[in-house]
Structure formats: structure tokens, C-alpha cells
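# Notes for the structure review
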Amino acid sequence: MESMEALITQIQGLSGSVEDISHLHNLLKLTEESLQSEAPRLASFLGQLDPAKQSLGYLYILEAYTSAPISREQPSEFIMSVSTFINSCLAEQIRLAADKFVSVCKRFKDQVVLLQEPLRGVAPMRTAVQKLRSSSEHLTALHPDFLLLCLLAKSYKTGLGILKEDIFEIDQPRDFFLYCYYGGMICIGQKHFCKARELLRNVVTAPMSTINAIAIEAYKKYCLVSLIDNGQFSTALPKYTSSVAQRSLKNFCQPYIDLANSYSSGKISELESCVETNKEKFESDNNLGLVKQVVSSLYKRNIQRLTLTYLTLSLQDIANTVQLNTPKEAEMHVLRMIQDGEIFATINQKDEMVSFHEDPEQYKTCEMIEHIDSSIQRIMSLSKKLSAVDELISYDPAYLAKAGKERQRFDFDDFDTVPQKFNL
Amino acid sequence: MASSSSSGLTFKLHPLVIVNISDHYTRVKSQAQPPHGSSNGGSSPPPQPPRVFGCVIGIQRGRTVEIFNSFELLYDPSTESLDRSFLEKKQELYKKVFPNFYILGWYSTGSDVQESDMHIHKALMDINESPVYVILNPAINHSQKDLPVTIYESELHVIDGIPQLIFVRSSYTIETVEAERISVDHVAHLKPSDGGSAATQLAAHLTGIHSAIKMLNSRIRVLHNYLLSMQRGDIPMEDSLLRQVSSLLRRLPAIESGKFQDDFQMEYNDTLLITYLAMLTNCSSTMNELVDKFNTAYDRHSRRGGRTAFI
């Protein structure tokens, strides 16, 4: 107990300036085991510390305290204390002990999920994510947990805010897979199918040495989302996909590929029969809702194809071509598509005719100038980053070793720029 | 030498004269210069740049003296005077082509007026009572903003009780004819010697535009700061300057109509789109290389290359 008192006073004393903090950090690292052994009695000590100023010390004690199993009456209290801590702690101090912070937050998330009140955890987790990451381009281990809570709580908009930022630095590959997968699901929930497709594609094409389950699930959803968004799906993956993925993913997702093939025929009846045959598989993957959206998107796709051929068309003809039952249904579909901005048309209700127009965007407004200008700026910064990464990989020993091996060996006349073997 | 002339004559100099003098000097210098030898001790001083001489011709109307053209003359270093017969022969020839032009004076190169120049000047005084003396300073000084050309006149001043003829500086302005403007433009842009591919020409063109815009920007900034400090009260109000600024501002925009705005913005957007496309292509190409390198380095089952040569 005396050592605990001494520790508390030290924490209180040394939480001032930067050098003190690093000194304190070293001290705390040494006392880790003793803290673990005293776990149940630490609650009282927590009250003596101020989380806003002495965040580092508070964090260590909190982490040791939470490593012990929590009894049933306490979870609510536990959640309250952790959320107040997250809201009031200092970002710089926490980043020194990032892994402890991550484990505290993960336990917090588990408790919240156990209690089945994910909404309580969304706001604290968001603050936690913002405090832990060193820049908006940094992906931490907390990002996927935060997105998971958003999904469970169905608060998609909060998740979208975090998803808008581009990621350039990743701590752990597993975080990236989960982050993109959950992010894709959130975007599907918000019906942003374009961004969802991008995120799911990231999961599928990310470098992996062996196939993993997240990628398989993501591939299934990717197939469905690209049908909804793009109207087509090709099994050919981009060339930066790992060869493992390119070979094995297709084998796990056969029903989806069949669905894509029947979609491309353009006939509703074929599509629906395909859905019927594979219904159990879709249901077991929790993808049935998405599949239904695929079916309704086929109508949209067919109507869009009509705009390429016709200038005006009667509602009856639309219903016949698209295999809808009544012209009223056709009118509903067309109206919804006009509202969503997917086609440009006007409906003449007297004649029951629909006339299709061109895209009225003239590209001569100031907003368009700003839009293009901001895109150019983004691309300039992206280009700089790309060149930097390219340079980095050019002198990576793994690359140089392999590149050296692939040269022809018997050209003595050639000037040798890369030695054949690298002894490092 | 007195500082400024009091004769009240205004001088107008054409760029052709400046180009002629500089051309003459460069030719003589490059013919006289021995080829660079690496075995040169390095301690010998560089040879004195040669002085070239010639005549300037033009028209004098009332108080305005306009110098149009020039031609070269032979200088005799032994007598320190110009070759008279040569001068007269050249003068006859030029009179046939340009009947209006008279000999107005002479030119030379160097950094300053020298004593011997007065002899030449006096020798010319029988052709023109008050000849002008144009000096071009061939030394390249990058910090200097003005032209290194000075015009001197001769005046009779009383110094120490003796009336003497001395040189006094005059100010001058540059006057251009359309043909001269084109040639000066061409010289100013100094295209690369090999003609340049399309890329270098485009780069040179864009660099020119960039520097022009930069200069415009800095000048506007100066005016802006000036107006701000006038508003704050640091500088007394000057109405004439304010009038000039406001007239300058009223000159733009030149056209103000809906149709112009539309067309202008469409063209602007097109240019932006092309830039965007160029950047996208650039990025895609970098990305492609990066992906290739990554696949070579880290993909375990990537294609095993390395064909062995047929022996």
C-alpha cells in the first residue's frame, strides 16, 4: 500500500512538463507488475487522480484495474468512468502508452456490446479515435471498433464522418481489413454505393499472404455492391491484388458469381430464379437484403439503357420492356430515378409519355471551377506522396534482391547496375 | 564633367542602334579572343575588352533628336582618330538609302568617357556642330535594371577661367517602330540553341508567362500597400495618384457580358480539366511503377523471371 501511495504522489507531482512526463512514463513501466497484482483495490486510488492533467498515470492504473474481470453490478459504472476518462484525457500523454489506451477502449467496447447499448459507446469511442491518432491520415486499432459500434447502434452518419478522411498510415493490417469492411457496410447502410464499392475493393485487393475470412465476406458484398452501383461485375481483379486473392477468392463465392452472370442477361425472371435457388446461402451470409436491392437495381439499369436508345417513350412501353406489371409502377420507378439524379427526364402525365434529356451540366459555372480546382490540389498532394513511396520501395532490399535475380546473367558486355546477390 | 545637360534637347534612341553597337562589340570581341587554353597560368589578367567605334545617324526636328541607325567606323589607334575617308564613303552610301538621315554623332563602348574621346568628338564637330556621344557599357551587371547606354553632349563650360568643352549627360527615351519591336521580342526570349522539342518550347513559353504574371502581381501588391497606408494616414493623400489608380482599375474587365462570362468559364474549365487529366496520367504512371515494384518485391508467387540465355 505504501508503494501505491508513493506512486500516486509521484504521478501527481510529475505530470507537469514534457520531461517529467517521460520520466513518469519510465517509472510507470517498472511498476506494471505490482499494479496488476493490486487490481481490485485500485478503484479508490483512481478517485485521487485527475484524468485531465495526470492522464498517463490515470491510464496505467485504469488499465490494471480493468484487466480484472468486472462483476455484474459494475458495468454501468465502469462505462461511465471510462467515458469520462476518454473525454477528459490529454492526447499527448495517451499516445505515449498507446497500447494500454487501446486495451482499455477495447474492454470498454466489449462491455458496451455486452450490455447491448452500443449507442452509449459511439461518442466516447469517436473522441478516443480522434485523440489516439497522430494525424487524420493515421489508422489506429480503435477505428474498426468505433465503426463496429456505429454499425450496431445504426448511427451511420457518425461513422461516415470518420470514413471521409483518406488513410495513409496503418498500424496493423488486420485493423485495415476490418476498418474497410465495416466502413463498406456503413456506406451500404447510407446507400453510398460508390464509396462502399471503393472500401470493399480495398479489402479484397489489400496485400495478404494467405486468404482470410474478412476478405471472403468482403468479396461477396463487393460483388453485390458493384452490381447495384455499376451494373456489371467482372471477376478480374486489378493487378495489384495479391496472387493468393486472385486465385482463391472466386472459389468461395460461387453463388454470387452466378448471380452476376444472370444479372448481365438483363432479364428479371432469370435473376429472380437465380436468387431463389441460392436463397439459403445468401441468408446465411446475411446478404439477403442486399440481394433484394440488386434485383430492384436491375429495373433501374434497364430503364437507363432505354435512355440510350429512345428520346421519348410511353410509360406502357417502358413497363413492357422492363418487365414491370403496370405503367403506374414504371412511372414510380422513373420518378424515383429522376429524384435521385440517375436520369434526366420529364414525365408528361397527360400523354403518359416520358422524354429523356441530356445531362444539363454545362461545366461553365464557378462551382465547377472550384470543384476541379480542389480535385487538382488533392491530386497534387497525392502525387507527391506516391513519388515518395515509389522512391522508398526503389531502395528496399527485398525489391533490389528480386530485381537483381531477374536479370539475364550472361551479358558480360552489359554494364552491371545491380549486383546479382545482396549480402546484407 | 557636369551632371546633366542644359541644352533642352530631347533624345530618342531606337533599339536598332543598341543592337547594332552590341553586335559590333560582340563580333570584334569574339574574333579577337584567343581560344581558351587549359594550360593558362590563370594568373594573367583577362585581355582588355576592345573598344569599338561608329557613327550614329538620325533626324533632328527642332528640339527632338531621334537616333535611328548606326554604322561602324575604323579607328586608327596611332592617331587616335577615326578614319575620315571611310566615314565619308559610308556616309554617301547611307545617304542614298536614307536621304533624310544626318550624322548626329558617334558611339563607342566602355564603362566611362575617356580623355581621347574628346579629340574624336571635336573632329566630328565639322560635320555636326553639336554631335552626340553614345556609350554602351558591355559589362554585364545582373543587378542593374536600366540599359547600360548613356548619351553625352558637349558643352562649353568655363573652368578655372578657361572655356573648355566637356561632356554632359543627357537623358533619353527609347522609341520603337513595329519592326523593331518584333526583333527585340525575339532576342529577349532567347530560344534554346537546338530549336528545342515541343516540351522545352512549351516550358519556355510558360516560364515567360509565369514571370510576367509574377511581375504584375508584385506591382499590384506595391500599389495595394501604398493605398492601404494612404488609407491609414501614414502618407499624405495624393489625388492625382488616386485618379490614376482608379482609371487603371476601370480599364478591367474589358468585356462584361453574360455570354463572355459563359464562354470564358467554359474555356477556363476546359484548361483545368486538361491539367487534371495530365496530373491523373502522371499519377497513374507512378502508381503503375509502384505496383510493379511491390509485386516483384513482396508477392511470394509472382512470376519467376530470369530467362537463362541460350548458349
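Bear in mind the structure is a predicted one, so any value in this text is a computation, not a measurement.

Bringing the overall build of chain A into the picture now. For chain A, the helix and strand inventory stands at 23 helices and five strands. Long-range contacts, defined here as pairs at least 24 residues apart, represent 64% of the contacts in chain A between residues at least 6 apart. Approximately 22,600 Å² of chain A is accessible, and the part contributed by carbon and sulfur atoms is 53%.

Residues and elements named next belong to chain A. Inspection of the secondary structure assignment puts valine 225 in helix 14 (residues 213-230). On the basis of relative accessible area, valine 225 is assigned to the buried category, the value being 0%. Distance in space between the C-alpha atoms of valine 225 and glutamine 293 is 9.1 Å, their sequence separation being 68 residues. Once residues within four sequence positions are removed from consideration, valine 225 is found in contact with Ile188, Phe193, Ala196, Arg197, Leu200 and Leu290.

Further remarks concern the confidence of the model for chain A. Averaged over every residue, the pLDDT of chain A is 80; residues scoring 70 or more account for 90%. Here helix 4 (residues 43-48) of chain A stands out as the element of chain A with the lowest mean pLDDT, 69, in contrast to helix 22 (residues 366-394) of chain A, whose mean of 89 is the highest.

Before going further, it helps to examine a nonpolar patch on the surface. Residues and elements named next belong to chain B. On the surface, a cluster of nonpolar side chains totalling about 370 Å² of accessible area is made up of Leu202, Leu206, Ile209 and Ile213. Summarising the element assignment, leucine 202 is placed in helix 5 (residues 198-232). Under the relative-accessibility criterion, leucine 202 is labelled partly exposed at 49%.

So, on to the layout of surface pockets. Here the largest pocket defines a volume of roughly 2,300 Å³. Surrounding the largest pocket, 48 residues form its lining, Ile167(A), Phe168(A), Asn202(A), Leu382(A) and Met287(B) being those nearest its centre. Listing elements by their share of the lining of the largest pocket, those giving two or more residues are helix 12 (173-189), helix 13 (193-205) and helix 22 of chain A together with helix 7 (258-298) of chain B. Considering every element that reaches the lining of the largest pocket, the biggest residue donor is helix 22 of chain A, with twelve residues.

Listed by partner, the interface residues are 34 residues for chain B and 34 residues for chain A. Across the chain B/chain A interface, buried area totals approximately 3,300 Å², and carbon plus sulfur atoms make up 64% of it. Where chain B touches chain A, the interface holds one salt bridge. Between Lys293(B) and Asp390(A) there is a salt bridge whose closest N-O contact spans 3.2 Å.

Bringing the state of the cysteines into the picture now. Within this structure, the stated rule accounts for zero disulfides over all chains. There is no disulfide at Cys89(A), and the cysteine sulfur nearest it, in Cys105(A), is 8.1 Å away.

The next subject is a negative patch on the surface. Residue and element names in this part refer to chain A. A grouping of Glu358, Asp359, Glu361, Glu367, Glu370 and Asp373 is seen on the molecular surface, where their side chains present a negatively charged patch. For aspartate 359, the location among the structural elements is in the loop between strand 5 (353-356) and helix 22. Residue class for aspartate 359 comes out partly exposed when judged on its relative accessible area of 42%.

Attention now goes to empty space enclosed by the protein. Counted by the stated rule, this structure contains two cavities of 30 Å³ or more. As a volume, the largest cavity reaches approximately 60 Å³. What lines the largest cavity is simply Ile57(B), Phe71(B), Gln91(B), Tyr94(B), Lys95(B), Phe98(B), Phe101(B), Tyr102(B) and Ile103(B). Within the residue set of the lining of the largest cavity, elements represented by two or more residues are helix 2 (84-97) and strand 6 (102-109) of chain B. Taken together, the residues of the lining of the largest cavity break down into seven nonpolar, one polar and one charged. Here the second largest cavity is characterised by a volume of approximately 30 Å³. Lining the second largest cavity, in full, are Lys300(A), His333(A), Arg336(A), Met337(A) and Asp340(A). In terms of residues, the lining of the second largest cavity owes the most to one element, helix 21 (residues 327-340) of chain A, which gives four residues.

This paragraph deals with helix 9 (residues 118-132) of chain A. Residue and element names in this part refer to chain A. The end-to-end C-alpha distance of helix 9 is 20 Å, a good match for the 21 Å that 15 residues give at a rise of 1.5 Å each. Roughly 25° is the biggest bend found in helix 9, and it falls at proline 124. Of the residues making up helix 9, those classed as buried are Pro118, Gly121, Val122, Pro124, Met125, Ala128, Val129, Lys131 and Leu132.

Before going further, it helps to spend a moment on the environment of Ser273(A). Residues and elements named next belong to chain A. Relative to the assigned elements, serine 273 resides in helix 17 (residues 268-277). For serine 273, a relative accessible area of 40% translates into the label partly exposed. Put simply, serine 273 and leucine 259 are 14 residues apart on the chain and 9.6 Å apart in space, counted from C-alpha to C-alpha. From its side chain, serine 273 meets the backbone oxygen of glutamate 270 in a polar contact 2.6 Å long.

Calculation notes
- Residues numbered from 1 in each chain as written.
- Chains lettered and ligands numbered in written order.
- Predicted model: local features only at pLDDT ≥ 70, side-chain atom pairs only at ≥ 80, totals over all residues.
- Heavy atoms only, no water.
- Helix = DSSP H or I, 4+ residues; strand = E, 2+ residues; numbered from the N terminus.
- Contact = heavy atoms within 4.5 Å.
- Areas by Shrake-Rupley, 256 points an atom, 1.4 Å probe, with all protein chains shown as cover.
- Buried < 20%, exposed > 50% of the residue type's maximum accessible area, 1.4 Å probe, protein only.
- pLDDT = per-residue confidence, 0-100.
- Patch = residues over 30% accessible without salt bridge, like charges linked within 9 Å, V, L, I, M, F, W, Y side chains within 5 Å.
- Salt bridge = Lys/Arg side-chain N within 4 Å of Asp/Glu carboxyl O.
- 1 Å grid on protein atoms, 1.4 Å probe; cavity = no way out; pocket = protein on both sides within 12 Å on 5 of 7 lines; lining within 4 Å.
- Points joined across faces, edges and corners; volume = space filled by probe spheres on them.
- Buried area = accessible area lost by both parts, 1.4 Å probe.
- Disulfide = S-S within 2.5 Å.
- Lys, Arg positive; Asp, Glu negative; His and termini not counted.
- Charge placed at Lys NZ, Arg CZ, Asp CG, Glu CD.
- Nonpolar A, V, L, I, M, F, W, Y, C, P; charged D, E, K, R; others polar.
- Expected span 1.5 Å × (residues − 1).
- Bend = angle between axes of the 7 residues up to and from the residue.
- Polar contact = N/O pair within 3.5 Å; in protein donor to acceptor, adjacent residues only side chain to side chain.

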